[in-house]
2 protein chains.
Amino acid sequence: MILTVTLNTALDITYRVPRLRPHASHRVTEVTERPGGKGLNVARVLAALGHEATVTGFVGGGTGRALRDRLAAVDGVSDALVPVSGPTRRTVAVVDESTGDTTQLNEPGPHVSPAEWAAFQEAYAGLLGSASAVALCGSLPPGVPVGAYATLVRAARAASVPVLLDTSGEPLRRGVAARPDLVKPNAGELAELTGSHEPLQAVRDTRRRGAHAVVASLGARGLYALTPDGEWRAPAPDRLAGNPTGAGDSAVAGLLSGLLDGEDWPRRLARAVALSAATVVAPAAGEFDAGTYEKLLARVSVDRVTS
Amino acid sequence: MILTVTLNTALDITYRVPRLRPHASHRVTEVTERPGGKGLNVARVLAALGHEATVTGFVGGGTGRALRDRLAAVDGVSDALVPVSGPTRRTVAVVDESTGDTTQLNEPGPHVSPAEWAAFQEAYAGLLGSASAVALCGSLPPGVPVGAYATLVRAARAASVPVLLDTSGEPLRRGVAARPDLVKPNAGELAELTGSHEPLQAVRDTRRRGAHAVVASLGARGLYALTPDGEWRAPAPDRLAGNPTGAGDSAVAGLLSGLLDGEDWPRRLARAVALSAATVVAPAAGEFDAGTYEKLLARVSVDRVTS
C-alpha cells in the first residue's frame, strides 16, 4: 500500500452564501463537509486510480469522529489515524455565489503532546513495514516539533521506503535537509525556502539542499522536474477554468502512482499534470474528472530540458 | 422552573483573525465554542440570577453532542433537549481583530421531520406541567411548521403558564395571533410585522394583533412597553461601547426574572435594561457583567407614559 501522512487532518466545511459582505450576518444556503488535509486528498485520488492507500496522522474530538465517519465511506482508503486528546481542526471555505470566489478560514489544529508525537512515530514505523511509498503532506499542528518531517523522512529512508515531502516553511527546510526522494513545492514555497523568485534557480537550490528530485508546481506554467535522471518541463493544458483546490494533491498522487507502476519520469509527470488539470475542472473541490484525466493523459506534452 | 424553548439550537463558534480579507486564506488565531441559540442564552442569564432554568428544543449529530457536553457544564441550567436525526447547526462569528467587527455565518439547521416535531410537542406538554413561565425564542429549523410558535403559545395558555415570544417574520406574525402574554420585538421585527417604521405605532398595532403585552427593544433608545397595566419608556444608559450579541436575550431574562419575583412592570423593565447594558459591556459575547448590572439596576429610569 501507499502510506500518506497528514499530521494536521481537517474536517473541510464548505459554506455557500449568496454574497459575502464583511461585518454582515449571512444565512448559509448550503453546507458540505468532507474529510480533509492534503494527505487525505492524495489518498483519495490514489484509491480512485486503483491503488491501496492508507492514511495516518492525528485525529481527535468531535470533529475527528465526523472525519473518521466520512473517511470510512471512501473505498480503497484505510484509516490508520492516531488518536489525540485535542479536537481535529475545521477549515471553513466560504463560497460567494455572486462571484464564485472563496474565502478560507483555517483553524490551527489540536495541541499535540510529546507523548502523542512519540505514539505517532511508533505507529508510523509499524506502517512503513508494509508501505511501498510514503507521502508526507501539509502543515504541522501545534506541539509537533518543527523538525518532525525530517524525522519521518529519515525513518522512511532507513526502512528503504521512497518518501515524498509536500509541505512549506521551516518544516520543509528541515525536511529537505533529511534527503527525501522527492519534494513538490509550489512557486511560493520555493521562494520561501530559497529566497529566489526565479523558479528554475530555486529548484536547483532545493536539490542542492538535499532533495534527490524536485517537482515544482508552477500553476499555469505547469510542472518543472529536476531529477537524477534528467530535467523536464510539463506545461499545463490551456484554458483551465475551475477550482484549483486539491490540484497540488492530485499532482502528488499522480507522481506516486506513476512511481509505483514503474513509469519513467515523463509518464509520471504526464499523470501529475493531467490529474491536476482534471481536478481544477471537476465541480467538487478536491475531486477529479476521470474523463478529463484520460483525455489529457494522452495529450500532455513533457519536454526534456537540455542544458 | 422557567422553561426556555430554542427550536434551532446552535453550536456558536467564534474565530479571531488578524484581518478579514474576502477571497483570501486566513489562519484563525483563536477558536471558542459555546452552546447557543436565543433560548439557551436566556436560560444562562436566568441561572446566573438564581432561577432554575430548563432548556428544550432540538439537538442532533456531532455538533449536538458538543453542544450538550458544554451545556452540562453550565450551573443551574437543565437539559431537556429533544433528539433529532439531523445535526445541530453551527454559527460562525469571524472577529476581525483590526477593527473589532464581526462577520456572521449561520447554518440553516437540521431538517425536522413531522414525527420529530410531534415528539417535541409531547415533551413540551410534559415540561409545561412544572414550568412557572415559558420563553419561546429564535428561528425555526427547516421542516418545522411556520405556525409552530402559535401552537406552542396556545399549549402554554391552555396550561395557564405565562408565555413570552421572541422571534421574527411569519412565525412571529402567527405566534402573536395566538395571544401570548408578552412579545419582545426589536425595531426591525416590529416594522416587518406591522409595516410601520414608527415604533410606537408598531407597538400598538402588535398589541391589537393579539399580544397581551409588548416590550419593544429599540437599541440605543432603550425599551418601550405597552401592557394591560400601562405604558412605559426605559431609556438605555449612555455610552455603551461593546458587543450587542445576546443583549436582547438578557432583556428577555430580565423580564421573566422580574415576573417570577412578583415585581411590577417598572422594576421588570429596569432589570431588562440593566441586564441588556451589562451584556453589551461584558468582554465575552452573551455574558453579562454582574457589577455593571447591580450598578445600573439602581440607576435606570423608567418613565410612565400618559396619553
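As a reminder, the structure under discussion sits directly above these lines.
Each chain has its residues counted from 1, running along the sequence as written. Ligands are numbered from 1 and chains lettered from A, in the order in which they are written. Selection of residues for local features in this predicted model requires a pLDDT of at least 70, selection of side-chain atom pairs for listing and counting requires 80 or more, and totals for whole chains, interfaces and linings are taken over all residues. Excluding hydrogens and water, the side-chain values take into account all heavy atoms of the structure.

### Digging into the overall build of chain A
Our working definition: The way it works is that DSSP assigns letters per residue, a run of H or I at least four long becomes a helix, a run of E at least two long becomes a strand, and they are numbered from the N terminus. To get the radius of gyration, use the C-alpha atoms; to get the globule rule, take the number of residues to the power 0.38 and multiply by 2.2 Å. Exposed residues in this analysis have more than 50% of their type's maximum accessible area, buried residues have under 20%, and partly exposed residues fall in between, with area computed by a 1.4 Å probe over protein chains only.
Across its full length, chain A holds 10 helices and 16 strands. Relative to the compact-globule value of 19 Å for 307 residues, chain A shows a C-alpha radius of gyration of 19 Å, a close match. By its C-alpha atoms, chain A is 55 × 45 × 40 Å across when sized along the principal axes. Counting all 307 residues of chain A, 55% fall into the buried class.

### Some words on the interface of chain A and chain B
Our working rule: In what follows, a contact means two residues having at least one pair of non-hydrogen atoms within 4.5 Å. Summed over both partners, the accessible surface that disappears when two parts come together, traced with a 1.4 Å probe, is what is meant by buried area. Salt bridge, as used here: a side-chain nitrogen of Lys or Arg that lies within 4 Å of a carboxyl oxygen of Asp or Glu.
The interface of chain A with chain B comprises 29 residues on the first partner and 29 residues on the second. Summing both partners gives a buried area of about 2,300 Å² for chain A against chain B, and 53% of it is carried by carbon and sulfur. A per-residue breakdown of the area chain A buries against chain B is headed by His23, Arg90 and Leu105 of chain A, which together make up 26% of the total. Where chain A touches chain B, the interface holds two salt bridges. Arginine 90 of chain B serves as the salt-bridge partner of glutamate 33 of chain A, at 2.6 Å between the closest nitrogen and oxygen.

### Focus: the relation of the copies chain A and chain B
What relates the pair of chain copies is a rotation about an axis plus a shift along that axis. The line we're drawing: In this comparison the copies share one frame, found by least squares on the C-alpha atoms of residues holding pLDDT of at least 70 in both.
Laying chain A over chain B is done by rotating through 180 degrees and shifting 0.1 Å along the axis; what remains is an RMSD of 0.1 Å. Each copy turns onto its partner about a two-fold axis. Considering only C-alpha atoms, the part of chain A nearest the rotation axis is glycine 62 of chain A, at 3.0 Å. Most of the interface of chain A is mirrored in chain B, where 100% of its interface residues again form contacts.

### What about the sheet that holds strand E9 (residues 102–106) of chain B?
Quick note on the threshold: Pairing between strands requires that DSSP locate at least two bridges from one strand to the other. Lines fitted to the C-alpha atoms define the axes, with helices restricted to the stretch that makes contact. Angles between their N-to-C directions range from 0 to 180 degrees.
A sheet is described by the order of its strands in space; here five strands give the open sequence E3(A)-E9(B)-E8(B)-E2(B)-E4(B), paired in mixed fashion. Edge positions in the sheet fall to strand E3 (25–27) of chain A together with strand E4 (30–36) of chain B, since each of these pairs with one other strand and no more. Recorded for the sheet is a direction-independent mean angle of 15 degrees between the axes of neighbouring strands.

### Here's the deal with the pattern of salt bridges
All names here are of chain B. For the coordinates displayed, the defined rule picks out 32 salt bridges over all chains. Ionic pairing is found between arginine 271 and aspartate 261, a salt bridge with its closest N-O pair at 2.8 Å. Of this pair, arginine 271 sits in helix H9 (residues 265–280) while aspartate 261 sits in the loop between helix H8 (247–260) and H9, and the two are 10 residues apart along the sequence. Here aspartate 261 falls in the partly exposed class, since its relative accessible area comes to 43%.

### Re the packing of aromatic side chains
Filter applied, for reference: In summary, the pairing rule links any two rings of Phe, Tyr or Trp, Trp by its six-membered ring, whose centres are within 6.5 Å, and it sorts them by plane angle into stacked for under 30 degrees, edge-to-face for over 60 and tilted for everything else.
Taken as a whole and judged by the stated rule, the model has eight aromatic pairs over all chains. Seen in terms of ring centroids, tryptophan 117 of chain A and phenylalanine 120 of chain A are 5.8 Å apart; in terms of plane orientation they differ by 10 degrees. Their pairing is stacked. Of this pair, tryptophan 117 of chain A and phenylalanine 120 of chain A both sit in helix H3 (residues 114–128), three residues apart, which is roughly one turn of the helix. Ring geometry for phenylalanine 58 of chain B versus phenylalanine 120 of chain B: centroids 5.3 Å apart, planes at 50 degrees, classification tilted. Remark: phenylalanine 120 of chain B occurs in helix H3 (residues 114–128) and phenylalanine 58 of chain B occurs in strand E5 (residues 53–59); sequence separation between them is 62 residues. Phenylalanine 58 of chain B gets classed as buried once you look at its relative accessible area, which sits at 2%.

### Some points on the sheet that holds strand E8 (residues 89–96) of chain A
Spatial ordering of the open sheet is given by E4(A)-E2(A)-E8(A)-E9(A)-E3(B), a layout of five strands whose pairing is mixed. The open sheet terminates on both sides in strands that have one partner only, identified here as strand E4 (30–36) of chain A together with strand E3 (25–27) of chain B. Ignoring strand direction, the axes of neighbouring strands in this sheet form an average angle of 15 degrees. Note: E8 of chain A against strand E9 (residues 102–106) of chain A, five bridges, orientation antiparallel. From the neighbouring strand, threonine 91 of chain A faces E9 of chain A, where its bridge partner is asparagine 106 of chain A. The sheet strands contacting helix H2 (residues 61–71) of chain A are strand E2 (10–17), E4 and E8 of chain A, and the helix crosses E4 of chain A at an angle near 80 degrees.

### Brief notes about the packing of helix H9 (residues 265–280) of chain A against helix H10 (residues 290–297) of chain A
Residues and elements named next belong to chain A. We apply this condition: What makes a crossing left-handed is the near helix being turned counterclockwise from the far one by less than a right angle; a clockwise turn instead makes it right-handed. In the scheme used here, Gly and all other residues not listed as nonpolar or charged are polar, with Ala, Val, Leu, Ile, Met, Phe, Trp, Tyr, Cys and Pro taken as nonpolar and Asp, Glu, Lys and Arg as charged.
With their axes 8 Å apart at the nearest point, H9 and H10 run at an angle of 145 degrees to one another. Relative to H10, the crossing made by H9 is right-handed. Of the residues in H10, those in contact with Ala270, Arg271, Ala274, Leu275, Ala277 and Ala278 of H9 are Thr292, Tyr293, Leu296 and Leu297. Classifying every residue of the contact of H9 with H10 by side-chain character gives eight nonpolar, one polar and one charged.

### Regarding H3 of chain B
Residues and elements named next belong to chain B. Operational definition: In this analysis, the expected span of each helix is defined as 1.5 Å times one less than the number of residues it contains. When we speak of the arc, we mean the arc of directions from the helix axis to the C-beta atoms.
Between the first and last C-alpha of H3 there are 21 Å, a value that for 15 residues agrees with the 21 Å anticipated at 1.5 Å per step. Those residues of H3 not exposed but buried are Glu116, Trp117, Phe120, Tyr124, Leu127 and Leu128. Seen along its axis, H3 keeps its buried residues to an arc of 110 degrees; they face one direction. Those residues of H3 that are exposed and angled more than 90 degrees off the buried face are Pro114, Ala115, Glu122 and Gly126.

### As for unusual backbone geometry
Most of the time, phi is negative for any residue but glycine, and the peptide bond is trans. Although it is not a glycine, histidine 23 of chain A sits at a positive phi angle of roughly 75 degrees. Along the chain, the position of histidine 23 of chain A falls in the loop between E2 and E3. Not every positive phi belongs to a glycine, and arginine 179 of chain B is a case in point at roughly 65 degrees. Tracing the backbone shows arginine 179 of chain B in the loop between helix H5 (169–177) and strand E12 (182–183).

### As for helix H7 (residues 199–208) of chain A
Quick reminder: α-helices carry 3.6 residues per turn. Residues three or four places apart thus point the same way. Listing the buried residues of H7 of chain A in full gives Pro199, Leu200, Ala202, Val203, Asp205 and Thr206 of chain A. The secondary structure elements touched by the buried residues of H7 of chain A are helix H5 (169–177), strand E12 (182–183), helix H6 (187–194), strand E13 (213–217), strand E14 (223–227) and strand E15 (230–234) of chain A.

### Examining the packing of H5 of chain A against H6 of chain A
All names here are of chain A. Let me state the cut-off plainly: What sets the label is the angle itself: under 35 degrees gives roughly parallel, over 145 gives roughly antiparallel, 65 to 115 gives roughly perpendicular, and the rest give oblique.
For the pair H5 and H6, interaxial distance at closest approach is 10 Å and the crossing angle is 70 degrees. The pairing of H5 with H6 is recorded here as roughly perpendicular in orientation. Across the interface between the two elements, Gly169, Leu172, Arg173 and Val176 from H5 touch Glu189, Glu192 and Leu193 from H6. Taken together, the residues that form the contact of H5 with H6 break down as three nonpolar, one polar and three charged.

### Focus on the pairing of E5 of chain B
A regular strand places its side chains so that they alternate between the two faces of the sheet. Residues and elements named next belong to chain B. So the rule is basically this: Every crossover in which the path from the first strand over the helix to the second runs clockwise, viewed with the strands pointing away from the viewer, is termed right-handed.
With respect to burial, E5 is a largely interior element, seven of its seven residues being buried. Judged by which residues are buried, E5 turns out to be covered on both faces: Ala53, Val55, Gly57 and Val59 on one side and Thr54, Thr56 and Phe58 on the other are all buried. The handedness of the E5 to strand E6 (residues 77–79) crossover, carried by helix H2 (residues 61–71), is right-handed. Two elements, E5 and strand E7 (residues 82–83), share two bridges in a ladder whose sense is parallel. From the neighbouring strand, phenylalanine 58 faces E7, where its bridge partner is valine 82.

### A closer look at the side chain of threonine 56 of chain A
All names here are of chain A. So the rule is basically this: Whenever two N or O atoms come within 3.5 Å, that pair is a polar contact, provided that in protein one can donate a hydrogen and the other can accept it, and provided that, for residues adjacent in sequence, both atoms are side-chain atoms.
Relative to the helices and strands, threonine 56 resides in strand E5 (residues 53–59). When its relative accessible area of 0% is taken as the criterion, threonine 56 is described as buried. Side-chain polar atoms of threonine 56 contact the backbone oxygen of alanine 80, separated by 2.8 Å. Other than its neighbours up to four places away in sequence, threonine 56 contacts Leu3, Thr4, Val5, Thr6, Ala80, Leu81, Val82, Phe120 and Leu127.

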